[in-house]
2 protein chains.
Amino acid sequence: MRAEIIAIGDELTSGRILNTTSNYAAHRLFQAGHEIHAMHTIGDTPELIGEILVRAIGRVDLILVTGGLGATDDDLTNEAVSQALNRPASLYPTILSQIREHSEHDTCESLEKLAWLPRGAELLSHDSRMAGHLLIHDQVPIFFLPGVPSQMHYMMDKHVLPWLAAHSPGLHSFQCLYKFFKASEIAINEDILKMQLDPEVEIGYYPVNNDIHLSLTVRDHDHQHSKKLFDHSCARIKRHFGQKIYGQDQDTLASVVGQLLAQNNLTLALAESCTGGLISSKITAVPGSSDYFLGGVTSYADSMKLGCLGVDNELLSKYGAVSSQIAGAMAENIKQMSGAGLTLSVTGIAGPGGGSAEKPVGTVHMGMSGPAGLSLHHFLFSGDRQNIQAITSQTALDLLRCHLLELMAE
Amino acid sequence: MRAEIIAIGDELTSGRILNTTSNYAAHRLFQAGHEIHAMHTIGDTPELIGEILVRAIGRVDLILVTGGLGATDDDLTNEAVSQALNRPASLYPTILSQIREHSEHDTCESLEKLAWLPRGAELLSHDSRMAGHLLIHDQVPIFFLPGVPSQMHYMMDKHVLPWLAAHSPGLHSFQCLYKFFKASEIAINEDILKMQLDPEVEIGYYPVNNDIHLSLTVRDHDHQHSKKLFDHSCARIKRHFGQKIYGQDQDTLASVVGQLLAQNNLTLALAESCTGGLISSKITAVPGSSDYFLGGVTSYADSMKLGCLGVDNELLSKYGAVSSQIAGAMAENIKQMSGAGLTLSVTGIAGPGGGSAEKPVGTVHMGMSGPAGLSLHHFLFSGDRQNIQAITSQTALDLLRCHLLELMAE
């Protein structure tokens, strides 16, 4: 099906809030084999909501509307729909009784607005306390979902996708995403062109933070042929780029490092300074990370480097906190303290203050201590504080990844 | 000016990449007093790019297009514009010579595409190596900017906004955003309605993660009157909600905690477990945090709680790592080790594994040790791993905020 996605809310058009629900909807619909014709974001303006909706009904097979379903007085989606599609608001007793059951007496009245929907709307769920309904107008299904991301995700996965699967069977796309860290988009593009993949294979290139993501898509016209072509093309890409690809699809550098640590039967501990716990928080965002991650010390102040990490005072005075000597000492000391098989340390200047001619903002030293001994690494990154912290954490994770791959190759 | 924003890229309509550039553009244009009529996201499809562009030219005063300006073969914006607006591609020698000067011989050829723009395009910058041009068509300025967020932000701030300021002086909106943590949107809405603010004051409510953001906007029709009304309404809101408002505009819980630490002349150290460094990374994301943040220990494994934090083995065996006793010991030990004036500890079960009937996933204990002694706090959060880590870190920061405010009130 060809779909349009309409996100509603002044908070979106004024840029106060980043619209993430349209992205989620697009991603899930695309995976399910649908094609997104366009995505629109508009304010809480009834006339415009009606106009965009009516135009979409005329040209696509499926419409998803998010936002403006709440109880505050700036939530106007239902009113706009009632007017534009000539479907007066009707009272839904199921919703009303739920509101009365679940809310305090004094907020009950202001919530009653939620029980009025455009005539013909079908509730997506009778037991959920989230807004969400379906309206079929001129044979086009229009789903209305909450604007709050967690609720929207839930309603999408639990109600919209199953409904679509039941009403449009057999649709599918094969897609794989290959992720590169610090690679050249142009160089990858040239390699791909030289490979002369089948024209049915769609390739896309996407710089994301400091990654390049390469997508490979085969639309499923003839199942056996499409699947074979997809598998064959994926295999060629993986063979060609090898370890330059750090992961696929949902992989992150942190999850890949976790898998490699588990495969190497190694535990990890960290000593962070300028990244302030960012690397550690990325690693622990991965479920199951307690299997291989012991923890770390964030020695942001010099006093913590001395007191908690046991770095030598003379070494610190002689070379300064941002030096390969201190990075080395941090990596070795955290190894001894934690008993981890592999450790990594980071010390640097994230800015905006703290730089000097000799050690400008962006100077970062890392140390890695493991089965192969100690290695030291020196970088000069650019950008603002956030960029420097981000690329430092990614570089550290990639350093661990490459080292773990080397250990496995030995 | 009334503006439309058009973002182009298959990576956006397939949901692989979250569109953040439109949000940035909307935010900056709104601040500069412009009104966003609509934002559209479409794929790399020349016909559709042309169609959306032509329709926008007919109804708004300003258009911003992002994406599809690169050198890979899926970048089609310039071709689409040439065709739709009947402006054949012309060679821009300035760009060509820059490419030849700055790139390796073997990639030079594939980059030459960048030197061809629709006829009449004016380069936004002659010395920048980023794409970006302005086309004035039927008197409507159309800005074409890169899709890569960092480049887009740069071109927006450096070129688009100054151009607009020069061409539409005197426009402005007064706006302030008030941020609440863990508050009820409905309750805030009711309070605001009771306050009976002037109808010229526009109020919006936005749940963002676990925050509620309340926006107050006054459009500047009559400068003196508007400014006075804005200041008066802001003062009423601040007086009414008091410390329920944790911050304004760009404030984060972490930046507010930082300011309060500085005002109290206190330093902070952390002992994290289930949040794995997340609280620490939020605090160190704030420039200047080295003034008050010493660092911390992420004792993810029990061995780190014993070895690095010096938690008593018997206590750990008796109560388990996730207990108020261990939270208390962690907070007190990190205080002793770091010498910080205030410390906070977190130990809990972020899931998906590790829960039990007695201590389900979402169980979190915190300890805070400072001038007022030790306090212990117990929570049961819900959601997936990411949600639990997020709300735990926010709750910890809010606990610090409230405690620091109490210290100041004494």
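None of the values given here were measured: they were computed from a predicted structure.

### Focus: the overall build of chain A
Right, on to step 1. Along chain A, the regular secondary structure elements total 15 helices and 17 strands.
Right, on to step 2. Reported as C-alpha extents along the three principal axes, the dimensions of chain A are approximately 80 × 60 × 40 Å.
Right, on to step 3. The buried share of chain A, reckoned over its 410 residues, is 58%.
Right, on to step 4. Of the accessible surface of chain A, which amounts to about 17,200 Å², a share of 50% is contributed by carbon and sulfur atoms.
Right, on to step 5. Of the side-chain charges in chain A, 28 are positive and 44 negative, and the distance between the mean point of each set is 6 Å.

### Considerations on the state of the cysteines
Right, on to step 1. Within this structure, the stated rule accounts for zero disulfides over all chains.
Right, on to step 2. In this structure Cys308(A) is not part of a disulfide, and its nearest cysteine sulfur, from Cys308(B), lies 8.4 Å away.

### Thoughts on the environment of Ala25(A)
Residues and elements named next belong to chain A.
Right, on to step 1. Position of alanine 25 relative to the elements: it lies in helix 2 (residues 21–31).
Right, on to step 2. What makes alanine 25 buried here is its relative accessible area of 0%.
Right, on to step 3. Separated by 41 residues in the primary sequence, alanine 25 and threonine 66 place their C-alpha atoms 9.5 Å from one another.

### What to know about the interface of chain A and chain B
Right, on to step 1. Contact residues are listed per partner, giving 80 residues for chain A and 79 residues for chain B.
Right, on to step 2. Approximately 6,000 Å² of surface area, both sides summed, lies buried where chain A meets chain B, with 58% of it carried by carbon and sulfur atoms.
Right, on to step 3. It is Arg16(A), Tyr206(A) and Tyr300(A) in chain A that bury the most area against chain B; as a group they hold 10% of the surface buried on that side.
Right, on to step 4. In this assembly, chain A and chain B are joined by two salt bridges.
Right, on to step 5. In this structure, the salt-bridge partner of Glu51(B) is Arg59(A), at a minimum N-O distance of 3.7 Å.
Right, on to step 6. Counted by class, the side of chain A that touches chain B contains 35 nonpolar, 33 polar and twelve charged residues.

### Observations concerning the domain arrangement of chain A
Right, on to step 1. Annotation of chain A at the domain level lists domain 1 (2–167), domain 2 (173–248) and domain 3 (253–409).
Right, on to step 2. Taking only C-alpha atoms into account, the centre of domain 1 of chain A sits 35 Å from that of domain 2 of chain A.

### Focus on the pairing of strand 17 (residues 373–380) of chain A
Residues and elements named next belong to chain A.
Right, on to step 1. Bridge count for strand 16 (residues 363–370) against strand 17 is eight bridges, and the pairing is antiparallel. Residue threonine 363 lies in a different strand from strand 17, and its bridge partner there is leucine 380.
Right, on to step 2. Between strand 16 and strand 17, which pair antiparallel in sequence order, lie two residues.

### As for helix 2 of chain A
Residue and element names in this part refer to chain A.
Right, on to step 1. A large share of helix 2 lies buried, amounting to eight of its eleven residues.
Right, on to step 2. Taken together, the buried positions of helix 2 are occupied by Thr21, Ser22, Asn23, Tyr24, Ala25, Ala26, Leu29 and Phe30.
Right, on to step 3. In the stretch just after helix 2, glycine 33 is the one whose phi turns positive, near 95°.

### A word on helix 14 (residues 324–338) of chain A
Right, on to step 1. In this model, helix 14 of chain A (15 residues) spans 21 Å end to end at C-alpha, consistent with the 21 Å of a helix rising 1.5 Å per residue.
Right, on to step 2. When we look at burial in helix 14 of chain A, the residues that qualify are Ile326(A), Ala327(A), Gly328(A), Ala329(A), Met330(A), Ala331(A), Asn333(A), Ile334(A) and Ser338(A).

### Things to note about empty space enclosed by the protein
Right, on to step 1. Summed over all chains, the structure comprises two cavities of 30 Å³ or more.
Right, on to step 2. In this structure, the largest cavity occupies an estimated 170 Å³ of space.
Right, on to step 3. If you go around the largest cavity, you meet 16 residues; those closest to its centre are Asn19(A), Ser22(A), Thr41(A), Asn19(B) and Thr41(B).
Right, on to step 4. It is strand 2 (residues 35–42) of chain A that provides the largest number of residues to the lining of the largest cavity, a total of three residues.
Right, on to step 5. Residue classes in the lining of the largest cavity are distributed as seven nonpolar, nine polar and no charged.
Right, on to step 6. Quantified by volume, the second largest cavity comes out at close to 40 Å³.
Right, on to step 7. Along its surface, the second largest cavity is lined by Thr298(A), Leu270(B), Ala271(B), Glu272(B), Gly277(B), Ser280(B), Gly296(B), Val297(B) and Thr298(B).
Right, on to step 8. Residue assignment for the lining of the second largest cavity shows that the elements contributing at least two residues are strand 13 (268–272) and strand 14 (293–299) of chain B.
Right, on to step 9. The residue makeup of the lining of the second largest cavity, split by class, is three nonpolar, five polar and one charged.

### Considering the packing of aromatic side chains
All names here are of chain B.
Right, on to step 1. By the definition in use, this model includes ten aromatic pairs over all chains.
Right, on to step 2. On the basis of an interplanar angle of 10° and a centroid distance of 5.3 Å, the ring pair of phenylalanine 379 and phenylalanine 381 is categorised as stacked. Take phenylalanine 379 and phenylalanine 381: they sit in the same class, and that class is buried.

What counts and what doesn't
Residues numbered from 1 in each chain as written. Chains lettered and ligands numbered in written order. Predicted model: local features only at pLDDT ≥ 70, side-chain atom pairs only at ≥ 80, totals over all residues. Heavy atoms only, no water. Helix = DSSP H or I, 4+ residues; strand = E, 2+ residues; numbered from the N terminus. Buried < 20%, exposed > 50% of the residue type's maximum accessible area, 1.4 Å probe, protein only. Areas by Shrake-Rupley, 256 points an atom, 1.4 Å probe, with all protein chains shown as cover. Lys, Arg positive; Asp, Glu negative; His and termini not counted. Charge placed at Lys NZ, Arg CZ, Asp CG, Glu CD. Disulfide = S-S within 2.5 Å. Contact = heavy atoms within 4.5 Å. Buried area = accessible area lost by both parts, 1.4 Å probe. Salt bridge = Lys/Arg side-chain N within 4 Å of Asp/Glu carboxyl O. Nonpolar A, V, L, I, M, F, W, Y, C, P; charged D, E, K, R; others polar. Domains from an automatic or database assignment. Pairing = 2+ DSSP bridges. Expected span 1.5 Å × (residues − 1). 1 Å grid on protein atoms, 1.4 Å probe; cavity = no way out; pocket = protein on both sides within 12 Å on 5 of 7 lines; lining within 4 Å. Points joined across faces, edges and corners; volume = space filled by probe spheres on them. Phe/Tyr/Trp six-rings, centres within 6.5 Å; stacked < 30°, edge-to-face > 60°.

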